[in-house]
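# Overview (structure and organization)
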Amino acid sequence: MAGQTLYDKLFESHLVRTNEDGSSLIYIDRQVLHEVTSPQAFEGLRIAGRKPWRIDANIATPDHNVPTTERSGGVDQIVDPVSKIQVKTLDENCDEFGILEFKMNDHNQGIVHVMAPEQGAVLPGCTAVCGDSHTATLGALGALAHGVGTSEVEHVLATQCLITKKMKNMLVRVDGELGVGVTPKDVVLHVIGVIGTAGGTGYAIEFGGEVFRAMSMEGRMTVCNMAIEAGARVGLVSVDQITIDYFEGRPFAPKGEQWDTAVAQWQGLVSDTDAEFDEVVVIQAADIEPQVTWGTSPEMVVGVSSQVPNPANETDQVKIDGINRALQYMGLNADQKITDIKLDRVFIGSCTNSRIEDLRDAAKIVEGRQVADNIIQALVVPGSGLVKTQAEEEGLDKIFTAAGLEWREPGCSMCLAMNPDKLGNGEHCASTSNRNFEGRQGFGGRTHLVSPAMAAAAAVTGHFIDVRELIKPELVK
Amino acid sequence: MNKFTLHTGIAAPMDRANIDTDMIIPKQFLKSIKRSGFGKNLFDELRYLDEGQPDQDCVGRPLNQEFVLNQARYQGASVLLARENFGCGSSREHAPWALDDYGFRSVIAPSFAEIFYNNCFKNGLLPIVLSDEQVEQLFAETAATEGYELSVDLQRQVVVTPSGQEIAFEIDDFRKHCLLNGLDDIGLTLQHADDIRAYEEKRRQSSPWLFDAIK
């Protein structure tokens, strides 16, 4: 019999029962809650007179709506009245049900997918859900994490279980070693370019191979975060010593004897060498250069040395229509060089790229340089209060502000522009976020997804440039 | 939850692949803490020429006359025809809430994003997967005939065209059962509360650090 994949192991170890129709009930160890997708779930519980099944399985923080400018005045000073109600509603619901919440001005507050791992609230071997599709991020920990809708948030609150069907297994293997200036973001954008925005639909994608084994936990989180942009609800990386070292000493990680037991368990959270995947995609690291999206879907991506595609080179009509529509929305011409795209704003942040290593990468590039004159605004938004403090201890905030970038409070910010951070109509943005959909970062806004280093390079030059041209010799390995 | 048994209504064609959830319901409308009232902002950025605001009265906003749902022939449409990977992007259940609130009861496409597909069933909205060729045929027939209506018969798992042609579709037995009867998932799951408790006890023994840590 063939061995098991990591996904198979996580799924089977959480199976409560299989129903007659083939659907399964799996136990959920952790639910992470935020203000946007939870109010209707709590309301549903109240209407039905139900209580949460298990309070200590939940943790909450507001992130999508919170302002990232000075906010010591608290929730009452949120200017947008609708945002204010939503953040207040989360506070009230968590207080009412006794759920631990890091409130807006708590030092531990942050973007859900940054906060949960750094607190050790989600651990290897866990199942976790959150009413947010980027919950796939947590698969980097060796956890089975699903993004769910609000009805499922309510279902997990009430039953501690999720009704699901077993997914198929896909292995994305990247062999070799990444070049200097090529980052985890470039890897995942390249992968999406290869398999397409629906290529992972129905699969749990495990990222394997030398590149991911050598990658830090933060890099793995960046990669798994965007599994959903390839259509996969679940991204995974097998546990290794890097995973285990990451969790030691985290607030909600096990301690003492329990730590040793946990580590022994976690070491088994790997795909067996003879595991069979339904689909295997092999990519060579040497083929990956810094990536830039030119269109309105994450699969519309090319290397920075390349150019905007020409629909004349396509044969499929749906694809031709898609390219034409994207070119029109983005205000770009077919065959235009990527490095000729002029930018208006830069956003460094989001659940994809707001962790300390991302900020260090960006700071290295802007240090000693100045934001270009044509850039109206360059924002740096740390992923959590803890990331912010660490960055300040390392002096990164000073590097950013000296270069003319703004240093903000933690939150989702311009990734989806639910708070006041947004693009103006027609503006081009070099963004480290995860979606370049029409209007995502603001009405009529034009998003180009890139790595933190590439965004930083764009900030100081005013247009896209291969970041490797700016990397100082001493940073080259 | 609303039941879904048999529905007949005007079909409207959204001739575009990868319709994402930001397009279905833009982010500024997600700030509501209610489940209803999203219909007037369905496809807001495609449907209107200006930027929509939450709690705004949409009567009198400038309409994009070229957008399919603004055309006279598709008024009252309740079956949406779409292309591949419909509903990709975020997990926001506001997307099916908006479609449902607008009046759609079913969406027919060659493929759907998983979270969106799943969310539909929780809201009495039936997503139907047909082949590329079948969807293409429905697009062509819709374009050719004003007032073109489709019937969706969930019990028999068929889409029926005005000519009487029946196109079969697949659906999970469990989901079908829940939709036909308007059943609440939570109530069904709680029937297995003993199984959940038994599992939980085992879990507490094997991984005690996952219990009573977060408080």
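None of these values were measured; they are calculated from a predicted model.

We now examine the packing of aromatic side chains. One pair of aromatic rings is described through two measures. These are the centre distance and the angle between the planes. Enumeration according to the criterion identifies 16 aromatic pairs over all chains in this entry. Summarising the aromatic geometry, the rings of A:Tyr246 and A:Phe247 are spaced 5.0 Å apart at their centres and angled 85° between planes, so their arrangement reads as edge-to-face. Note on A:Tyr246: relative accessible area 13%, which makes it buried. Judged by relative accessible area, which is 0%, A:Phe247 ranks as buried. Aromatic rings pair up to connect B:Phe86, B:Phe112, B:Phe116, B:Tyr117 and B:Phe121 into one cluster. A cation over a ring is seen here: A:Arg250 above A:Tyr246, with NZ or CZ 3.9 Å from the ring centre.

Note: interface size is frequently given as the accessible area lost on complex formation between the parts. Residues and elements named next belong to chain A. One can read the domain layout of chain A as domain 1 (1-288) and domain 2 (291-475). The C-alpha-based centres of domain 1 and domain 2 are spaced at 24 Å. Opposite the 45 residues of domain 1 that make contact, domain 2 presents 46 residues. Summed over both sides, the interface of domain 1 with domain 2 buries roughly 3500 Å², with 57% coming from carbon and sulfur. The largest share of the area that domain 1 buries against domain 2 comes from Thr68, Ile111 and Glu218, three residues that together contribute 19% of it. Linking domain 1 with domain 2 are one salt bridge, by the criterion used here. Arg435 serves as the salt-bridge partner of Glu229, at 3.0 Å between the closest nitrogen and oxygen. At the boundary of domain 1 with domain 2, the tally comes to 26 residue pairs in polar contact (both at pLDDT 80 or more).

When the UniProt feature table is mapped onto this chain numbering, "domain: Aconitase A/isopropylmalate dehydratase small subunit swivel" (unreviewed entry) sits at residues 1-132 of chain B. Structurally, residues 1-132 of chain B comprises 20% helix and 14% strand, and the distance from its first C-alpha atom to its last is 31 Å.

As a further point, take empty space enclosed by the protein. One pass over the structure, following the stated rule, counts three cavities of 30 Å³ or more. Each pocket or cavity is described by its volume, and for the largest cavity that value is around 210 Å³. The class makeup of the residues in the lining of the largest cavity is eight nonpolar, 12 polar and five charged. Looking at the second largest cavity, its volume works out to about 110 Å³. Taken together, 16 residues form the lining of the second largest cavity, with A:Ile228, A:Gly231, B:Cys88, B:Gly89 and B:Ala113 sitting closest to its centre. By residue class, the composition of the lining of the second largest cavity is six nonpolar, seven polar and three charged.

As a further point, take the pattern of salt bridges. Tallying each qualifying case throughout the model produces 43 salt bridges over all chains. A salt bridge links A:Asp272 to A:Lys9, with the nearest nitrogen and oxygen atoms 2.8 Å apart. Here A:Asp272 is found in the loop between helix H10 (256-266) and strand E12 (279-284), whereas its partner A:Lys9 is found in helix H1 (residues 6-12), with 263 residues between them in sequence. A residue is classified by how much of its surface remains accessible, and A:Asp272, at 28% relative accessible area, is partly exposed. Using a relative accessible area of 18% as the deciding quantity, one classes A:Lys9 as buried. Between B:Arg204 and B:Asp212 there is a salt bridge; the shortest N-O distance is 3.4 Å. Overall, the relative accessible area of 45% leaves B:Asp212 in the partly exposed class. Through salt bridges with shared partners, one network takes in A:Asp8, A:Glu12 and A:Lys166.

What follows is about the packing of helix H12 (residues 356-366) of chain A against helix H15 (residues 452-461) of chain A. Residue and element names in this part refer to chain A. Taken N-terminus to C-terminus, the directions of H12 and H15 make an angle of 30°; their axes are 8 Å apart at the nearest point. One way to sum up the angle between H12 and H15 is to call them roughly parallel. Considering only the axes of H12 and H15, their crossing is right-handed. Contacts from Asp358, Asp361, Ala362, Ile365 and Val366 in H12 reach Pro452, Ala453, Ala456, Ala457 and Val460 in H15. For the contact of H12 with H15, the per-class residue count stands at eight nonpolar, no polar and two charged.

Each value, and the rule that gives it
Residues numbered from 1 in each chain as written. Chains lettered and ligands numbered in written order. Predicted model: local features only at pLDDT ≥ 70, side-chain atom pairs only at ≥ 80, totals over all residues. Heavy atoms only, no water. Phe/Tyr/Trp six-rings, centres within 6.5 Å; stacked < 30°, edge-to-face > 60°. Buried < 20%, exposed > 50% of the residue type's maximum accessible area, 1.4 Å probe, protein only. Lys NZ or Arg CZ within 6 Å of the ring centre and 35° of its normal. Domains from an automatic or database assignment. Contact = heavy atoms within 4.5 Å. Buried area = accessible area lost by both parts, 1.4 Å probe. Salt bridge = Lys/Arg side-chain N within 4 Å of Asp/Glu carboxyl O. Polar contact = N/O pair within 3.5 Å; in protein donor to acceptor, adjacent residues only side chain to side chain. UniProt positions renumbered as here; feature names shortened; annotations may be inferred. Helix = DSSP H or I, 4+ residues; strand = E, 2+ residues; numbered from the N terminus. 1 Å grid on protein atoms, 1.4 Å probe; cavity = no way out; pocket = protein on both sides within 12 Å on 5 of 7 lines; lining within 4 Å. Points joined across faces, edges and corners; volume = space filled by probe spheres on them. Nonpolar A, V, L, I, M, F, W, Y, C, P; charged D, E, K, R; others polar. Axes fitted to C-alpha atoms, helices over the stretch in contact; angles between N-to-C directions. Parallel < 35°, antiparallel > 145°, perpendicular 65-115°, else oblique. Left-handed = near helix turned anticlockwise from the far one by under 90°.

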